[in-house]
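In case you want the letters, here they are:
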Number of protein chains: 2
Amino acid sequence: MQELKDRIVKEGKVLPGNIIKVDGFLNHRVDTGLMERIADEFGRHFNMDGITVILTAEASGIALASIVAQRFQKPMIFAKKAKSDNIEGGLYQSDIFSYTYKKKVTLLVSKEWLHAEDKVLIVDDFMANGEAVRGLCDIVEAAGAELVGIGCAVEKGFQGGGDRLREAGVNLHSLAVIESAKPGNIVFREN
Amino acid sequence: MQELKDRIVKEGKVLPGNIIKVDGFLNHRVDTGLMERIADEFGRHFNMDGITVILTAEASGIALASIVAQRFQKPMIFAKKAKSDNIEGGLYQSDIFSYTYKKKVTLLVSKEWLHAEDKVLIVDDFMANGEAVRGLCDIVEAAGAELVGIGCAVEKGFQGGGDRLREAGVNLHSLAVIESAKPGNIVFREN
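Every chain begins its residue count from 1, and numbering advances along the sequence as written. Both sets of labels track the order of writing: A upward for chains, 1 upward for ligands. Thresholds applied to this predicted model are a pLDDT of at least 70 for local features of residues and 80 or more for the giving and counting of side-chain atom pairs; totals over whole chains, interfaces and linings are not thresholded and use all residues. Excluded from the side-chain calculations are hydrogens and water; all other atoms, namely the structure's heavy atoms, are used.

Our focus in this paragraph is the layout of surface pockets. Residues and elements named next belong to chain B. There is about 190 Å³ of room inside the second largest pocket. Points on a 1 Å grid over protein atoms alone make up a cavity when a 1.4 Å probe fits among them but cannot get out, and a pocket when they form an open set with protein on both sides within 12 Å along at least five of seven lines; lining residues each have an atom within 4 Å of a point. Around the second largest pocket, the lining comprises 13 residues; the ones closest to its centre are His 173, Ser 174, Leu 175, Val 177 and Asn 191. Helix and strand labels come from DSSP, where a helix needs a run of H or I of at least four residues and a strand needs a run of E of at least two; each type is numbered from the N terminus. No other element matches strand S10 (residues 172-182), which puts six residues into the lining of the second largest pocket. Each residue gets one label: Ala, Val, Leu, Ile, Met, Phe, Trp, Tyr, Cys and Pro are nonpolar, Asp, Glu, Lys and Arg are charged, and the others, such as Gly, are polar. Classifying every residue of the lining of the second largest pocket gives five nonpolar, three polar and five charged. Grid points are joined across faces, edges and corners, and a volume is the space filled by probe spheres set on the points.

Attention now goes to unusual backbone geometry. Excluding glycine, residues mostly have negative phi values, and the peptide bonds linking residues are mostly trans. Residue and element names in this part refer to chain A. The linkage connecting Glu 58 with the following residue, Ala 59, adopts the cis geometry, with an omega of 0°. Relative to the elements of secondary structure, Ala 59 occurs in the loop between strand S4 (53-57) and helix H3 (61-71). The phi dihedral of Asn 18 is positive, around 60°, even though this residue is not glycine. Following the sequence through the fold, Asn 18 ends up in the loop between strand S1 (13-15) and strand S2 (19-21). Phi angles above zero are rare outside glycine, and Gln 73 is one such case at about 55°. One can find Gln 73 in the loop between H3 and strand S5 (76-79).

Position of B:Thr32 relative to the elements: it lies in helix H2 (residues 32-45). Contacts: residue pairs with any heavy atoms within 4.5 Å of one another. Excluding residues within four positions of it along the chain, B:Thr32 makes contact with A:Ser66, A:Ala69, A:Gln70, A:Lys74, A:Met76 and B:Ile67.

What follows is about the interface of chain A and chain B. Listed by partner, the interface residues are 42 residues for chain A and 42 residues for chain B. Summing both sides of the interface, chain A and chain B together bury roughly 3,900 Å²; the carbon and sulfur share of this comes to 57%. The working definition used for a salt bridge is a side-chain nitrogen of Lys or Arg within 4 Å of a carboxyl oxygen of Asp or Glu. The interface formed by chain A and chain B holds four salt bridges in total. Among the salt bridges present, the one from B:Glu112 reaches A:Lys21, with a minimum N-O distance of 2.9 Å. Any N or O atom pair separated by 3.5 Å or less is treated as a polar contact, with the protein-specific requirement of one donor-capable and one acceptor-capable atom, and with residues adjacent in sequence counted only for side-chain atom pairs. Our count for the contact surface shared by chain A and chain B stands at 18 residue pairs in polar contact (both at pLDDT 80 or more). Elements that contribute at least two residues to the side of chain A that touches chain B include exactly S1, S2, strand S3 (29-30), helix H2 (32-45), H3, S5 and strand S7 (103-110) of chain A. Broken down by element, the residue count for the side of chain A that touches chain B peaks at seven residues, all from H3(A). Note that S3(A) and strand S5 (residues 76-79) of chain B share two bridges and pair antiparallel. Of the residues in S5(B), the one forming a bridge with A:Val30 is B:Met76. When two parts are brought into contact, each loses some accessible area as probed by a 1.4 Å sphere; the total of that loss over both is the buried area. Any two strands between which DSSP finds at least two bridges are classified as paired.

So, about the sheet that holds strand S11 (residues 185-188) of chain A. Pairing is mixed in the open sheet, where seven strands are placed in the order S11(A)-S10(A)-S9(A)-S8(A)-S4(A)-S5(A)-S3(B). A strand with exactly one partner marks an edge of an open sheet, and here the two such strands are S11 of chain A together with strand S3 (29-30) of chain B. Packing against the sheet, helix H1 (residues 2-11) of chain A makes contact with strand S9 (146-156), strand S10 (172-182) and S11 of chain A, and its axis sits at approximately 25° to S10(A). Its contacts with the sheet place H3(A) against S4, S5, strand S8 (119-127) and S9 of chain A, and it is angled at close to 170° to S4(A). Helix axes are fitted only over the stretch in contact, all axes being lines through C-alpha atoms; the angle between N-to-C directions runs from 0 to 180 degrees.

This next bit is on the sheet that holds S3(A). Taken together, the seven strands give an open sheet; going across it, the order is S3(A)-S5(B)-S4(B)-S8(B)-S9(B)-S10(B)-S11(B), and neighbouring strands pair in mixed fashion. In this open sheet, the two edge strands, each paired with only one partner strand, are S3 of chain A together with strand S11 (185-188) of chain B. For strand S4 (residues 53-57) of chain B and S5(B), the ladder comprises four bridges, and the chain directions are parallel. Opposite B:Ile54, over in S5(B), you have B:Met76 as the bridge partner. The strands that helix H1 (residues 2-11) of chain B touches are strand S9 (146-156), S10 and S11 of chain B; relative to S10(B), the one it contacts most, it runs at about 25°.

Once that is clear, we can look at the packing of H2(B) against helix H3 (residues 61-71) of chain B. Two numbers describe a pair of packed helices, the interaxial angle and the distance between the axes. Residues and elements named next belong to chain B. One way to put it is that H2 packs onto H3 with a least axis distance of 9 Å and a crossing angle of 60°. What the angle tells us is that H2 and H3 run oblique. Here H2 runs over H3; the crossing is right-handed. From H2, Thr 32, Met 35, Glu 36, Ile 38, Ala 39, Asp 40 and Phe 42 reach across to H3, where they touch Leu 64, Ile 67, Val 68 and Arg 71. Broken down by class, the residue content of the contact of H2 with H3 amounts to seven nonpolar, one polar and three charged. Any angle that is under 35 degrees is reported as roughly parallel, and any over 145 degrees as roughly antiparallel; angles of 65 to 115 degrees are reported as roughly perpendicular and all others as oblique. Handedness of a crossing is defined here by the sense of rotation of the near helix relative to the far one, left-handed for an anticlockwise turn of less than a right angle and right-handed for a clockwise turn.

This is the structure:
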């Protein structure tokens, strides 16, 4: 998606440790107009009529997933990252390693809200090593639901998480795949 | 907002410790159609033309805040709850006590994205003791920005957080204020 790539080049910052910071429009201050256009791109790639629920992980995935879900009149479930007092009883869970926080976190989805008859589109704003999405795939599988696909805004292609999912046969569609990133020089994968 | 009150009565659960669980439509599985109608209610109460940014706190506030922001073509900023590697440099911060997690957390907003000329609408899904919103107010003040108002979907009136803000002169508008909650008997404040 050219608009997204242009924003990454114009506003993204490359920090030490291969961190690509796009928090001015994607995951801290969110450009909701851009999220709408990303949602429309996903709508062109996935058959939204066949999807019953949008699934993401807290926190930064929620903004994009909410707007995708709203635009296609779906409910949105976000996996929680710690057990809080207001999740009771049965939970699907998956342990992942967070690249951002450099520690293990557990993704949780209540069994009340995800069911075997669901057809799930996973949406995330940013994929680094793909751990969050892998955890969400585990949860979809544990629920016996069908994973229709994964829509991701920005993927760090050089960390391999996305390609591992593609090799496993998952319909992963990322709108900007970054192949290499140095300050002042961000290179995207050709479509 | 009658639709919201009806959903709370029909689907809400009252758990020990005065926890009111509305995670089937508000803060785990999110009914995005309801979020749109909540956004429209806020649009009737607040002058959206005068607002430059919607502010919320991660994680559960993000879904509603995103849809409010999208509907009125505003950017949305979410305060983060822990220092991650991809927030660099100057931060506004406020320490709050999380009723849900029973511990102190720090809300963080990058100085890059909130400015003195901003006119801010704070949006949150759920107010218990009002700590998250109080922390967001601190951040707006630290930025020198103008707090136009606070739109909250569900407020637990009996915990007093909302009334403390009203007494301080804040334009807080909650769409369902719960005065008392026992299993099978949830009572709302009269408008």
